[in-house]
Amino acid sequence: MPTKKKNLVIVESPAKAKTIEKYLGRNYHVIASKGHIRDLPKSQMGVDIEHNYEPKYISIRGKGETIKELKKEAKKAKFVYLASDPDREGEAIAWHVAHILDLNDGEKHRVTFHEVTKDAVKNAFKTPRMIDMDTVDAQQARRVLDRLVGYSLSPILWAKVKKGLSAGRVQSVALKLVLDRENEIKNFKPEEYWTIEAEFTKGRKKFQANFYGVDGKKLELPNNEAVQAVLKKIDKDKPFKVEAVVKKERRRQAPAPFTTSTLQQEANKRLGFRTRRTMSIAQGLYEGVSLGKAGTVGLITYMRTDSKRTSPVAQAEASKFLNENLGAEYAAKSARHFKNQEDAQDAHEAIRPTSVYRTPESLKGVLTTEQMKLYKLIWSRFLASEMTPAVYDTVRCDIVQNGVTYRVNGSKLKFAGFTKIYDSQSEKSTQLPDLVEGDEVKLSKQDNKQHFTTPPARYTEASLVHALEENGVGRPSTYAPTIDTIQRRYYVKLEGRAIVPTELGEIVNGLVGKFFPDIVNVNYTAQLESDLDHVEEGKKDWVKVVDEYYQPFSKELEKADSEIEKIQIKDEPAGFDCDICGAPMVIKMGRYGKFYACSRFPDCRNTKAIVKEIGVVCPKCGKGQIVEKKSKRGRKFYGCSNYPDCDFVSWDKPISRNCPNDGHYLIEKRTKKGPVVQCPNGDYKEEAENSK
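Residues numbered from 1 in each chain as written. Predicted model: local features only at pLDDT ≥ 70, side-chain atom pairs only at ≥ 80, totals over all residues. Heavy atoms only, no water.

1. Considering the overall build of the protein
In terms of helices and strands, the protein carries 16 helices and 30 strands. Along the longest, intermediate and shortest principal axes, the C-alpha atoms of the protein span 100 × 80 × 60 Å. The buried share of the protein, reckoned over its 692 residues, is 49%. For the protein, restricting intrachain contacts to residue pairs at least 6 apart in sequence, the fraction spanning at least 24 positions comes to 65%. (Helix = DSSP H or I, 4+ residues; strand = E, 2+ residues; numbered from the N terminus. Buried < 20%, exposed > 50% of the residue type's maximum accessible area, 1.4 Å probe, protein only. Contact = heavy atoms within 4.5 Å.)

Next comes the structure, spelled out in structure tokens:
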């Protein structure tokens, strides 16, 4: 008896393939394309500019076996379904697979779902559709334009600066944002200002207040003279009078569920995850995690989205969960609707758990530590978004004497609302004694302090993602690779969490900014994103969009090639000689930063890593110095300069004192409250200031 033909389903990821095959049952066979199978060639431009920018796609090197398997399985299948991810890249992958398999354009081969759950997958297969060519064209326009820009700019940088450099639309804007911030910091001129903090007593209770103004008007204190003029008005022996007591109830609404951008930002701020790491962990949670007897289940919805919308079904489930577990007073009375950004695409939901009943606690032992941290963040944020506001009782009052006003604000949490689940530590209550207009309070002490305004902070990965999104540059799928690229090219480096531009980054930004001003123009890049959206909506032709942007760029190219002069990046002298040939050593710039190299390169290939001594003798061998090093992922750690003879390593910074209790070396550990000195054995701790 002949074997019954099965339907073939092609997804992107092998992990997802296994999960979906279980959901669909015996009549379906699911295999993976493992991402894109066709792309523009790496060895050439691959775009026919003269003939409507026609892309010359080729099979990706290394994908031969995958393509062979796809064709073999498709030939014996009853019908082929293309179930790649539900975004532009996924639509393009489906189109490329359809081309390779020679599928009929007029048939409904395309299936999309936003969560890898049994119901979502089965429902999706009830309503297959044709490939959306408008969405494919939007992806093609981006790919072609990025190739035209990247493959035109990069050779100029190779010829004029150094080999291995690159420039592109989004990465050039990201680099410019970092450089602009650095220039703001360099050019910042601090301004002096003063504050007066006072402590008052009412009965036995003490409370703090800050100077507000004189004669009912707010007054700035630019210098010490202004402070002394205020203090002269105050009679320390006379009481102050309480005036203008204003009591209110303040309601604090829950934040929206996560978009790609806000997830990357919060994971970076709260968990210390790099953007690429966040997306990698989220991908695993989306594709599916084995829950033992329950099988493999996708735990979150699709993680590339800029929509804050959630499905009515998910909102109803959240309401039910809250009523059952916390009480009706914590569940929002009606489903909440969050407003998307103006340029947001609303094809997908916000990022949420596929079921709120899969609580983080229920997944202990199933998820890795990192998966648990990210899942808990997503789960609590979504649940909070369907909860009632937190309610605070607030009071504001003025404390006045001789026309001098101090102002005090207090707040007390009246009802936790959403903070019971999410963000409960973000706002502390400030308790005040019961103050009534006409009360007299005594000034017990006051402290006038000099301050200086501070420059804006350098970007972190989180704040750079926010800036790119705020300016409409790039899309959710581009943030992580963009930030990764400018770090790999060594245009920027990480110092702690701060993104700091390098000398190479300044050179590249200067060249691109001078000769290709449109490329680094935020508004220009944001307008392109808007035009790509119009292509996806069927309102614009992709070829015309590419042409509008490429024509002025091509004129800039001709000018740049003739006018840019060769830039020599001079090697800094290292201050010591090569221990192999005796020639002077120099400091060179490499892919991962600066390093020592022999000045006779390539005749002598001696190199050494640049290490920073911290002034501490190795506690293990007692001979070498402890030096700062970096792991392959860029994380700082400490090791002995005598490696490999001594294998001492530590993630925490050792200091030059031993524990008074057990004689073990002490370390300086970073905590949320600041650095502390402690013994790794856990029996000693002190403030970091005493570590010197």
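2. Considering the sheet that holds strand E7 (residues 80-82)
Overall, parallel pairing links the three strands, which are arranged E2-E1-E7 in an open sheet. Across the chains shown, the open sheet's two edge strands, defined by having one partner strand only, are strand E2 (28-32) and E7. Sheet twist, expressed as the mean angle between neighbouring strand axes with direction ignored, is 25°. The strands touched by helix H3 (residues 88-101) within the sheet are strand E1 (7-11) and E7, with E7 carrying the most contacts at an inclination of about 155°. (Pairing = 2+ DSSP bridges. Axes fitted to C-alpha atoms, helices over the stretch in contact; angles between N-to-C directions.)

3. Regarding unusual backbone geometry
With an omega of 10°, the peptide bond between Phe 601 and Pro 602 qualifies as cis. Tracing the backbone shows Pro 602 in the loop between strand E21 (593-598) and strand E22 (607-609). Cis geometry marks the peptide bond from Tyr 643 to Pro 644, where omega comes out at 10°. The backbone of Tyr 53 shows a phi angle near 55°, a positive value even though the residue is not glycine. Tracing the backbone through its elements, the reader meets Tyr 53 in the loop between strand E4 (47-48) and strand E5 (54-55). Its identity is not glycine, yet Asp 102 carries a phi of approximately 55°, on the positive side. In this structure, Asp 102 sits in the loop between H3 and helix H4 (118-124).

4. Regarding the domain arrangement of the protein
By the assigned domains, the protein splits into domain 1 (7-131), domain 2 (167-187 + 457-563), domain 3 (192-253 + 390-445), domain 4 (260-386), domain 5 (571-610) and domain 6 (613-691). Contacts between the two partners involve nine residues from domain 3 and, on the opposite side, eleven residues from domain 4. In terms of surface lost to domain 4, no three residues of domain 3 exceed Phe 415, Ile 421 and Tyr 422, which account for 64% of the buried area on that side. For the pair domain 3 and domain 4, the interface holds zero salt bridges. If you look at where domain 3 meets domain 4, you find two residue pairs in polar contact (both at pLDDT 80 or more). The residue inventory of the side of domain 3 that touches domain 4, partitioned by class, reads five nonpolar, two polar and two charged. (Domains from an automatic or database assignment. Buried area = accessible area lost by both parts, 1.4 Å probe. Salt bridge = Lys/Arg side-chain N within 4 Å of Asp/Glu carboxyl O. Polar contact = N/O pair within 3.5 Å; in protein donor to acceptor, adjacent residues only side chain to side chain. Nonpolar A, V, L, I, M, F, W, Y, C, P; charged D, E, K, R; others polar.)

5. So, the packing of aromatic side chains
One pass over the full model with this rule turns up 21 aromatic pairs. Between Tyr 57 and Trp 95, the ring centres sit 6.1 Å apart and the planes meet at 80°, which makes this aromatic pair edge-to-face. Remark: Trp 95 occurs in helix H3 and Tyr 57 occurs in the loop between E5 and strand E6 (58-59); sequence separation between them is 38 residues. Relative to Phe 553, the ring of Phe 516 has its centre 5.5 Å away and its plane inclined at 40°; by these criteria the two rings are tilted. A residue pair is termed long-range when its members are at least 10 positions apart, and Phe 516 in the loop between helix H14 (503-515) and helix H15 (522-536) and Phe 553 in helix H16 (residues 542-563) qualify at 37 residues. (Phe/Tyr/Trp six-rings, centres within 6.5 Å; stacked < 30°, edge-to-face > 60°.)

6. As for the UniProt feature "active site" (unreviewed entry) in the protein
Sites flagged by UniProt as "active site" (unreviewed entry) map to Tyr 302. Within the fold, Tyr 302 resides in the loop between strand E13 (296-297) and helix H10 (312-325). Residue Tyr 302 is classed as buried on the basis of its relative accessible area, which comes to 1%. Leave out the neighbours within four places in its chain, and Tyr 302 touches Asp 85, Pro 86, Asp 87, His 114, Tyr 286, His 348 and Ile 351. A polar contact is formed between the side chain of Tyr 302 and the side chain of Asp 87, at a distance of 2.5 Å. (UniProt positions renumbered as here; feature names shortened; annotations may be inferred.)

7. A look at the pattern of salt bridges
By the definition in use, this model includes 39 salt bridges. Its salt-bridge partner being Arg 142, residue Glu 529 comes within 2.7 Å of it at the nearest N-O pair. Within this pair, whereas Glu 529 is found in helix H15, its partner Arg 142 is found in helix H5 (residues 133-160), the two being separated by 387 residues in sequence. Overall, Arg 142 belongs to the buried group, its relative accessible area being 12%.

8. Here's the deal with the nonpolar core
Counting residues in hydrophobic clusters, the biggest one holds 62 residues, and the most contacted among them are Leu 464 and Phe 516. Here this core gathers at least three residues from each of two domains, domain 1 (7-131) and domain 2 (167-187 + 457-563). Filtering out sequence-adjacent residues up to four positions away, Leu 464 remains in contact with Ala 174, Leu 177, Val 178, Tyr 459, Ile 483, Ile 486 and Ile 499. By size, the runner-up hydrophobic cluster in this structure holds 59 residues, among which are Phe 273, Met 279, Leu 285 and Leu 322. (Core = buried A, V, L, I, M, F, W, Y, C linked by side-chain atoms within 4.5 Å.)

9. Observations regarding the sheet that holds strand E26 (residues 649-650)
Strand order in this open sheet of four strands is E23-E24-E25-E26, and the pairing throughout is antiparallel. Of all the strands in the sheet, the pair left with one neighbour each is strand E23 (612-617) and E26.

10. Observations regarding the pairing of E1
Each regular strand shows side chains that alternate between the opposite faces of the sheet. Of all five residues in E1, five are buried, a share of seventy percent or more. Here E1 shows no split at all, with Asn 7, Val 9 and Val 11 on one side and Leu 8 and Ile 10 on the other all buried. Tracing the backbone out of E1, into helix H1 (residues 14-24) and back to the parallel element E2 gives a crossover that is right-handed. With three bridges joining them, E1 and E7 adopt parallel strand pairing. Looking at E7, one finds that Val 9 is bridged to Tyr 81. (Right-handed = clockwise from strand over helix to strand, strands pointing away.)

11. Looking at the packing of H15 against H16
Interaxial distance between H15 and H16 falls to 10 Å at its minimum, and their mutual angle equals 165°. Between H15 and H16, the crossing angle belongs to the class labelled roughly antiparallel. In this structure, the crossing between H15 and H16 has a hand that is right-handed. Residues Tyr 524, Gln 527, Leu 528, Asp 531 and Val 535 of H15 touch H16, and the partners they reach there are Trp 542, Val 545, Glu 548 and Tyr 549. A class-by-class count of the residues in the contact of H15 with H16 yields six nonpolar, one polar and two charged. (Parallel < 35°, antiparallel > 145°, perpendicular 65-115°, else oblique. Left-handed = near helix turned anticlockwise from the far one by under 90°.)

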